[in-house]
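Below, each chain spelled out in residue letters.
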Amino acid sequence: MAHVSVKVAARPERTLMFRNQMPRYEILSQDAMATLDAGWRRLISEVGVEFMSEEALRLFREAGQKVVDNTVFFDPEFVLEQVAKAPREFDMQARNPANNVHIGGDAMVFGAVYGPPFVREGAVRRDGTLDDFHRFAKLSQSFAALDSAGGVVCEPNDAPLDSRHLDMIYALQTLTDKIYMGNVVSGENARDTIAMGEILFGGRESIEAKPASISLINCNSPLRWDDRMLDALIEYCKAAQPVVVTPFILMGAMSPVTIPAALVQQITEALSGIALTQLIRPGCPVVFGSFLSNIDMQSGSPTFGTPESGIGLLCTGQIARHFGLPFRTGGGLTSSQVPDAQAGYEALMTLMPTFLAGTNFVMHSAGWLEGGLVAGFEKFVIDAQIVEMLQHEFTPMEIDEASLAYDAHVEVGHGGHFLGAAHTMERFRTCFYRPFLSSSDNYDRWMRNGGKDTAARAADIWKKRLEDYTEPPLDEAIKAQLQEYVARRRRELGD
């Protein structure tokens, strides 16, 4: 398998999507896995999972599962039979084929932050706008380390609530040529996402053969799937578009405080949702999702970048592989309000185990601040730097005769230096990774350049990226069709 080429220029160009060929860091013993296996079987069969959808309940009844009111009590073997129908790996198409992605195996896909209602630009924290959404989409397009702008990169609060999903999908389809995430607020919004994908990619057959969007379906933990999320899940699965079936667990609030209990609950919720996807459309691509952290037991506030979340993340990778499923977890998560040292070390505390676990689909890779309430422009750049450095660190070395540099020792001899050696001169431009954000200047040079800290340098970078941004080309007839669809649906929705 080809190694990934990591560029050293300030504006790296995408070559191939990142493949993590390093060994996986697995911390669960066989006995521990067996204990967790017994735990989810008991929880799913004795306590059950609530589904707030008549169609979902009907499908489970017809499949022979026990349904009492809105709660499904599962036969664990039935669940495993359904889960086994999901593909271990699958491909997704972007409108630029160079940006197609593979999900599963050793492939890692990175997307921007998802869902914040607020935005931080420098010292200002405010409501997100559609212009902010556009700017984040453009930044996602400009960073080769990211495979996707994601979905709701920030909430465009100045756009009408009923139709803003149309604005977001249109922006993701036109301002980027990478894969994008669908809207999940309702089944209707999901249908709009699918219809716009059909326009962009040439019809239903095209997107069913190779998915065009991937969507986040969150469980209302503990043990409840809400109607809106289920309505969206059903629409996407009918159209063979992958869904990321994700328990949303903050230990101490949405699950018991112990990591093993949270893992058992996560398995129960994820597998029950995945079983539903396969009843809707056997073989539909699906991702085992995990959003697992804990709360501060003094204040009740969510905390991120914690040791417990890192342990849970590593366990999740091992568990998903046990069930033969691609998985989502991790990201550049932090509780910090600003892009400071805390934001950096907490993001790394989450992103490092993300790589060690070999996560297949990484949401929130860039821009997450304040527990996910805020999308930060400076934090976006800082996270992109961390991701790019980790991609380089997790690229295997090539060890051969040339890399051992015997001739350089012969040339330099004892007590010399290698700065002017032929081996160095041949390789000095590419031998070491050069970060685009970090400063290694001496103090005097750093002061002459303004004495800027990391956040200030990050601000310069994102502004320059937007200045240099060029919209990726799109056939004008297709763009006109998309605009017409958005305008028509906006009228129908009363906006």
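Residues numbered from 1 in each chain as written. Predicted model: local features only at pLDDT ≥ 70, side-chain atom pairs only at ≥ 80, totals over all residues. Heavy atoms only, no water.

Novice: Now, about the overall build of the protein chain: what can you tell me, with residues and values included?
Specialist: Within the protein chain one finds 18 helices and 19 strands. Taking 23 Å as the expected radius of gyration for a compact globule of 495 residues, we find that the protein chain reaches 23 Å, a close match to that expectation. Across the 495 residues of the protein chain, 55% fall into the buried class. In the protein chain, the share of contacts with a sequence separation of at least 24, taken over all contacts with a separation of at least 6, comes to 75%. With an accessible surface of roughly 20,900 Å², the protein chain has 53% of that area assigned to carbon and sulfur atoms. Charge-centre separation for the protein chain: the mean point of 45 positive side chains lies 3 Å from the mean point of 63 negative side chains. (Helix = DSSP H or I, 4+ residues; strand = E, 2+ residues; numbered from the N terminus. Rg over C-alpha atoms; globule rule 2.2 N^0.38 Å. Buried < 20%, exposed > 50% of the residue type's maximum accessible area, 1.4 Å probe, protein only. Contact = heavy atoms within 4.5 Å. Areas by Shrake-Rupley, 256 points an atom, 1.4 Å probe, with all protein chains shown as cover. Lys, Arg positive; Asp, Glu negative; His and termini not counted. Charge placed at Lys NZ, Arg CZ, Asp CG, Glu CD.)

Novice: Provide a residue-level description of the sheet that holds strand β1 (residues 49-51), including the pertinent values.
Specialist: Across the sheet, which stays open at both edges, the four strands sit in the order β2-β3-β1-β11 with mixed pairing between neighbours. Looking at the sheet topology across the chains shown, the edges are occupied by β2 (66-68) and β11 (224-225). Against the sheet, helix α1 (residues 30-47) makes contact with β1 and β3 (71-73), and its axis sits at roughly 130° relative to β3, the strand it touches most. (Pairing = 2+ DSSP bridges. Axes fitted to C-alpha atoms, helices over the stretch in contact; angles between N-to-C directions.)

Novice: Lay out the nonpolar core in plain terms, naming residues and giving numbers.
Specialist: If you look at the biggest cluster of nonpolar residues, it comprises 146 residues, and the most contacted ones within it are Phe-51, Leu-271 and Ile-319. Of the residues forming this core, the biggest block, 10 residues, is contributed by helix α9 (residues 259-280). Excluding residues within four positions of it along the chain, Leu-271 makes contact with Trp-40, Val-79, Val-83, Phe-288, Phe-323 and Leu-325. (Core = buried A, V, L, I, M, F, W, Y, C linked by side-chain atoms within 4.5 Å.)

Novice: Residue-level account of the pattern of salt bridges, with values.
Specialist: Applying the stated criterion across every chain, the model contains 31 salt bridges. A salt bridge links Arg-164 to Glu-155; the shortest N-O distance between them is 3.0 Å. The network of salt bridges with common partners includes Glu-121, Arg-126, Asp-131, Asp-132 and Arg-135. (Salt bridge = Lys/Arg side-chain N within 4 Å of Asp/Glu carboxyl O.)

Novice: Which residues make up the side chain of Ser-213, and what values do they have?
Specialist: With respect to the secondary-structure elements, Ser-213 resides in strand β10 (residues 213-219). Sequence-distant contacts of Ser-213, defined by excluding residues within four places in its chain, comprise Met-92, Tyr-180, Gly-182, Thr-193, Tyr-236, Gln-241 and Pro-242.

Novice: Which residues make up empty space enclosed by the protein, and what are the values?
Specialist: Here the structure, examined in full by the defined rule, presents three cavities of 30 Å³ or more. Here the second largest cavity defines a volume of roughly 100 Å³. Along the wall of the second largest cavity there are 13 residues; nearest its centre are Leu-292, Leu-313, Thr-329, Gly-330 and Leu-333. Elements with a minimum of two residues in the lining of the second largest cavity: β14 (291-295) and α10 (307-322). For the lining of the second largest cavity, the element with the highest residue contribution is α10, accounting for four residues. The residue inventory of the lining of the second largest cavity, partitioned by class, reads four nonpolar, nine polar and no charged. (1 Å grid on protein atoms, 1.4 Å probe; cavity = no way out; pocket = protein on both sides within 12 Å on 5 of 7 lines; lining within 4 Å. Points joined across faces, edges and corners; volume = space filled by probe spheres on them. Nonpolar A, V, L, I, M, F, W, Y, C, P; charged D, E, K, R; others polar.)

Novice: Now, about the pairing of strand β8 (residues 124-127): what can you tell me, with residues and values included?
Specialist: As a general feature of sheets, a regular strand has side chains that alternate between the two faces. In this sheet, β8 lies alongside strand β7 (residues 118-121) in antiparallel orientation, the contact comprising four bridges. Bridge pairing in β8 places Val-119 opposite Arg-126. Counting the residues between successive antiparallel strands, the hairpin from β7 to β8 contains two residues, one of them, Gly-122, with a positive phi of roughly 65°.

Novice: Can you break down the pairing of β10 residue by residue, with the values?
Specialist: Most of β10 sits inside the fold, with seven of its seven residues counted as buried. Of the two faces of β10, both are covered, the one formed by Ser-213, Ser-215, Ile-217 and Cys-219 as well as the one formed by Ile-214, Leu-216 and Asn-218. Sheet topology note: the strand β9 (residues 180-181)/β10 ladder contains two bridges and is parallel. Opposite Tyr-180, over in β10, you have Ser-213 as the bridge partner. As paired elements, β10 and strand β12 (residues 243-251) share five bridges and run parallel to each other. Its bridge partner being in β12, Asn-218 is matched across the sheet by Thr-246.

Novice: Pulling in residues and values, what's your account of the layout of surface pockets?
Specialist: Where empty space is left becomes clear once a probe the size of a water molecule has been rolled over the atoms. Looking at the second largest pocket, its volume works out to about 710 Å³. Forming the walls of the second largest pocket are 31 residues, and the residues nearest its centre are Tyr-114, Gly-115, Leu-216, Asn-218 and Met-229. When contributions to the lining of the second largest pocket are tallied by element, the ones reaching two or more residues are α5 (164-174), β10 and β12. Grouping the amino acids of the lining of the second largest pocket by side-chain chemistry returns 18 nonpolar, nine polar and four charged.

Novice: An account of the environment of Glu-393 is needed here, citing residue identities and associated values.
Specialist: Among the structural elements, Glu-393 can be located in helix α12 (residues 377-393). Sequence separation of Glu-393 and Ser-186 is 207 residues, and the distance between their C-alpha atoms is 40 Å. Once residues lying within four places of it in the same chain are set aside, the contact partners of Glu-393 are Met-22 and Met-352.

Everything listed is a geometric property; what it means functionally is a separate question.
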